[in-house]
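# Coordinate inspection notes
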Amino acid sequence: MAIKRPDGRKQHELREIKAKIDVVPNADGSAMFAFGKTVAIAAVYGPRQLHPQHMQDPSTGILRVNYDLLSFSVGDRKKPGPSRRSSEISKVTEWALEPALDLKAFPNSVIDVQIYILQADAGTRTAGINAASMALAHAGIPMKDLICSVAIGKNDKELIVDLNKEEEDFKEGEGATDFALAKLANSDAFTLMQMDGKIQPELVKEVLKLAAEASKHIYEAQKKALKEVVEENEK
Ligand code: CDP
């Protein structure tokens, strides 16, 4: 029997995707990515010389991500400033994006990525990673591939794609499980896999399969937005 989702989506259906390039003109590259009511923007600055100088590494550049929820992005106003949660998400976002980059090409340098969540309705780290991947490409930083990110969850018994907040908060039966995943668009290499909750080990393969399937749609939206900006610049 087909399961019912609170917003009427099919079991494996993503929320509506919106993707746009060049939302912060003063940055070297920028993008917006939205899954339904979750809206992320990312701005890239650099590569530029890393300061203070003693942190520079002549053998490689570094990627430095700063993720934050804006105060008005959540139901209860979020206290401004960093938190354990934002530090963790910044770190895992760096790890999720790094495999697409060749940081050794930028000795002594830093690529800064600022990710801000304008509206949060679950899946903010995944939307942020999708926006950041597009912003890095827009900044002209050579990339092996784009990174696509999505959350796969289990709402009591069934696997569902791209949970919204209501689904993430599901508490009946076995409750909700939430996997945040990211992968290179054109290979089977996953660059992020974080889980909150419980899952039967035999279901993990299915989670990866659903993420790979969802990534194809995300990749199409990312490519379309990047193409639009190239066409705009050619006018
Ligand atoms: O956003 P994501 O699913 O990647 O991470 P989470 O830490 O599992 O947060 C899930 C959701 O909880 C967020 O997307 C927000 O909708 C909400 N949240 C909130 O309302 N207030 C916070 N301070 C943090 C998260």
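Above: the structure in question.
A brief structural summary.

The rules behind the values
- Residues numbered from 1 in each chain as written.
- Predicted model: local features only at pLDDT ≥ 70, side-chain atom pairs only at ≥ 80, totals over all residues.
- Heavy atoms only, no water.
- Near = heavy atom within 4 Å.
- Polar contact = N/O pair within 3.5 Å; in protein donor to acceptor, adjacent residues only side chain to side chain.
- Areas by Shrake-Rupley, 256 points an atom, 1.4 Å probe, with all protein chains shown as cover.
- Helix = DSSP H or I, 4+ residues; strand = E, 2+ residues; numbered from the N terminus.
- Nonpolar A, V, L, I, M, F, W, Y, C, P; charged D, E, K, R; others polar.
- Phe/Tyr/Trp six-rings, centres within 6.5 Å; stacked < 30°, edge-to-face > 60°.
- Buried < 20%, exposed > 50% of the residue type's maximum accessible area, 1.4 Å probe, protein only.
- Contact = heavy atoms within 4.5 Å.

Moving on, we get to the site of the ligand. Contacts to the ligand come from L69, V74, R85, A120, D121, A122, G123, T124, R125, K165 and E168. For the ligand, an oxygen atom lies 2.9 Å from a polar atom in the backbone of A122. One of the side-chain N or O atoms of T124 is found 2.5 Å from an oxygen atom in the ligand. Protein burial of the ligand: of its 510 Å² of free accessible surface, 75% is covered by the chains. Counting residues per element, the ones that place at least two in the shell around the ligand are helix 2 (124-138) and helix 3 (165-168). When grouped by side-chain class, the residues that make up the shell around the ligand number four nonpolar, two polar and five charged.

Here the distance between the centres and the angle between the planes together describe a pair of aromatic rings. A complete count under the given rule lists one aromatic pair for this structure. Each ring, one from F33 and one from F35, has its centre 5.0 Å from the other, and the planes form 80 degrees; the classification is edge-to-face. In terms of burial, F33 and F35 fall into one category: buried.

A separate point is the side chain of T191. Locating T191 in the fold gives a position in strand 9 (residues 190-196). For T191, a relative accessible area of 14% corresponds to the buried category. Within polar-contact distance, the side chain of T191 engages the backbone oxygen of A96 at 2.9 Å. If sequence neighbours within four positions are ignored, T191 has contacts with W95, A96, P99, I147, A182, K183 and L184.

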